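# An overview of the molecular structure
Listed below, chain by chain, are the residues.
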Amino acid sequence: MKRSAKGKKENKEKKPYLKPEVKQVALRPEEAVLGFCKTTVVAGPLSSACATLACLSNGS
Amino acid sequence: MSIHSSLFIRVADVTLRITTDSPHMKVQPEGAIKEFIVFPTKPDVTVQAVWGKLSERTWGKNIFDSGGLWQLYQERGSYLFCFTSPTLGAHPYKMASFSKKFSQCKILLDCSSFRPEKPVYPLEYPLDELTLTHFLATREGVEVHACGVLVPSGGAYLFVGQSGAGKTTMARLYQKLSQVKLLSDDRIILRRKNNRVWMYGTPWHGEAEIACPEKGRLTKIFFLRHGEKNGLVPLGKAEAVSRLFSSCFPPFYDRQAVEFILAFFDEVVKTIPCYELTFSPDERVVALVDGLT
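## Quick look at the overall build of chain B
- Per the secondary structure count, chain B includes five helices and 17 strands.
- Taking 2.2 N^0.38 as the reference for a compact globule, 293 residues should give roughly 19 Å; the C-alpha atoms of chain B span a radius of gyration of 20 Å, in line with that estimate.
- For chain B, the C-alpha atoms occupy an extent of roughly 60 × 40 × 40 Å along the three principal directions.
- For chain B, the proportion of its 293 residues judged to be buried stands at 47%.
- Taking as baseline every contact in chain B between residues at least 6 positions apart, the subset at least 24 positions apart corresponds to 63%.

## Quick look at the sheet that holds strand E1 (residues 6-11) of chain B
Residue and element names in this part refer to chain B.
- Strand order in the open sheet formed by eight strands is E1-E2-E3-E8-E7-E6-E5-E4, with mixed pairing between adjacent strands. The two strands at the open ends of the sheet, each matched to only one other strand, are E1 and strand E4 (61-65). Across the sheet, the mean angle from the axis of one strand to that of its neighbour is 25 degrees, orientation sign disregarded.
- Strand direction decides the pairing type here: strand E5 (residues 70-75) and strand E6 (residues 78-85), joined by six bridges, are antiparallel. Residue Gln71 lies in a different strand from E6, and its bridge partner there is Cys82.
- Packing of helix H1 (residues 127-136) onto the sheet brings it into contact with E1, strand E2 (14-20), strand E3 (45-52), E6, strand E7 (89-98) and strand E8 (104-110), and relative to E2 it is tilted by some 135 degrees.

## Some thoughts on the nonpolar core
- Core analysis: the largest hydrophobic core is formed by 95 residues, its most contacted members being B:Phe81, B:Leu158, B:Val160 and B:Phe222.
- Residue-level mapping places this core at the junction of two domains, with at least three residues from each of domain 1 (6-136) and domain 2 (141-290) of chain B.

## Some points on unusual backbone geometry
All names here are of chain B.
- For the peptide bond that leads from Tyr125 to Pro126, omega is 10 degrees, which places it in the cis range.
- With respect to the helices and strands, Pro126 occurs in the loop between E8 and H1.
- Even without glycine at this site, Arg76 takes up a positive phi of about 45 degrees.
- You can see Arg76 is positioned in the loop between E5 and E6.
- Judged by C-beta crowding, with 6 C-beta atoms within 10 Å, Arg76 ranks as exposed.

## Describing the domain arrangement of chain B
Residue and element names in this part refer to chain B.
- Taken as a whole, chain B is organised into domain 1 (6-136) and domain 2 (141-290).
- The distance between the C-alpha centroids of domain 1 and domain 2 comes to 28 Å.
- Taken together, the contact pairs 16 residues of domain 1 with 16 residues of domain 2.
- Secondary-structure elements contributing two or more residues to the side of domain 1 that touches domain 2 are E4 and H1.
- Grouping the constituent residues of the side of domain 1 that touches domain 2 by class yields 10 nonpolar, three polar and three charged.

## Describing the confidence of the model for chain A
Residues and elements named next belong to chain A.
- Averaged over chain A, the pLDDT score is 63; the fraction of residues at 70 or greater is 42%.
- By mean pLDDT, the top-scoring element of chain A is helix H2 (residues 29-32) (82), and the lowest-scoring one is helix H3 (residues 47-52) (43).
- In this model residues 48-59 is a low-confidence stretch, pLDDT under 50, and it forms 28 contacts with partners more than four residues away in sequence or in other chains.

## Re the pairing of strand E13 (residues 196-201) of chain B
All names here are of chain B.
- Pairing of strand E12 (residues 187-193) with E13 involves six bridges; the strand directions are antiparallel. Pairing of Leu190 across the sheet is with Met199, part of E13.
- If you look at the hairpin formed by E12 and E13, you'll find two residues sitting between the two strands, and Asn194 has a positive phi there, around 50 degrees.
- Examined bridge by bridge, E13 and strand E14 (residues 215-217) share three bridges and lie antiparallel to one another. Residue pairing across strands places Tyr200 opposite Lys215, the latter belonging to E14.

## Remarks on helix H3 (residues 237-246) of chain B
- Along H3(B), seven of the 10 residues are buried, which leaves the element largely enclosed by surrounding structure.
- Along H3(B), the residues classified as buried are B:Ala240, B:Val241, B:Ser242, B:Arg243, B:Leu244, B:Phe245 and B:Ser246.

Conventions we followed
- Residues numbered from 1 in each chain as written.
- Chains lettered and ligands numbered in written order.
- Predicted model: local features only at pLDDT ≥ 70, side-chain atom pairs only at ≥ 80, totals over all residues.
- Helix = DSSP H or I, 4+ residues; strand = E, 2+ residues; numbered from the N terminus.
- Rg over C-alpha atoms; globule rule 2.2 N^0.38 Å.
- Buried ≥ 20, exposed ≤ 12 C-beta atoms within 10 Å, placed from the backbone.
- Contact = placed C-beta atoms within 7 Å.
- Pairing = 2+ DSSP bridges.
- Axes fitted to C-alpha atoms, helices over the stretch in contact; angles between N-to-C directions.
- Core = buried A, V, L, I, M, F, W, Y, C linked by C-beta atoms within 7 Å.
- Domains from an automatic or database assignment.
- Nonpolar A, V, L, I, M, F, W, Y, C, P; charged D, E, K, R; others polar.
- pLDDT = per-residue confidence, 0-100.

Here is the structure:
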């Protein structure tokens, strides 16, 4: 009787199982959106000029 | 140097056909994309490029701003990517219009921004990569920031990480070994086919300039982390999905696509073992990875 009562108490204290879910993700927006030139490629019709001007849009 | 009036490119089993209606446009692929040229076949995506004049007018509803080279607009069911360059200011140098499923694309290159007598590659980065990532987002495929390695034992390893995580370092360690094939040191596309997950090399390489148009059946995923010594820790599924998502290139403005990507990663981690790999840049980490059963 004693054990059973203890078991009931433990059951009451246990939290219900919850399936793991992704709620927050550590993004690096400047990489994820493909908005910037890659280190070895420069975008645009004046790509050589971009390189010469040390273009600030280098990305991942 | 070969100049094309019609060009076929295949990346991750997606074939793009690039043509031009402008008689004076000389289409010429550049860089690693040349490795991905294929013989003419039925395309998944048709791309038509023309010379024209672009203004700074608005292009419909602005639904996404990359904060960099491109902005996305929606107009009468079509998607319009508008490209600007820091060197040219606000004046767009290129505009690409896509059908809803991203299977048809029309590119208008601003003739005042280019030298029309010179060859061009209308899908020049980042448009080629955007085309693939958007096309795949509705068709069981996702591009991830990762290095892909095929080893002689049949293992196909994906080393995932954002910039600076060590993808190129891992690629260079494996490059020293014989019978190892590297698919890419920076961008890998994952697709599910016949209930298996495949990883594909892409033209968008990193500093090691590895871009191989081949594929392998994915066997293990490693999330890279620099450390003083080497170590492997198995990851739970939710953590693995979260880390995969943080290293992919989703169309953030498209709820359905984001949901597809999360569901796709959920399926991937159910069948593929995932680990956090802490490593110091020497050959011992290769032995540690290959020693996993």
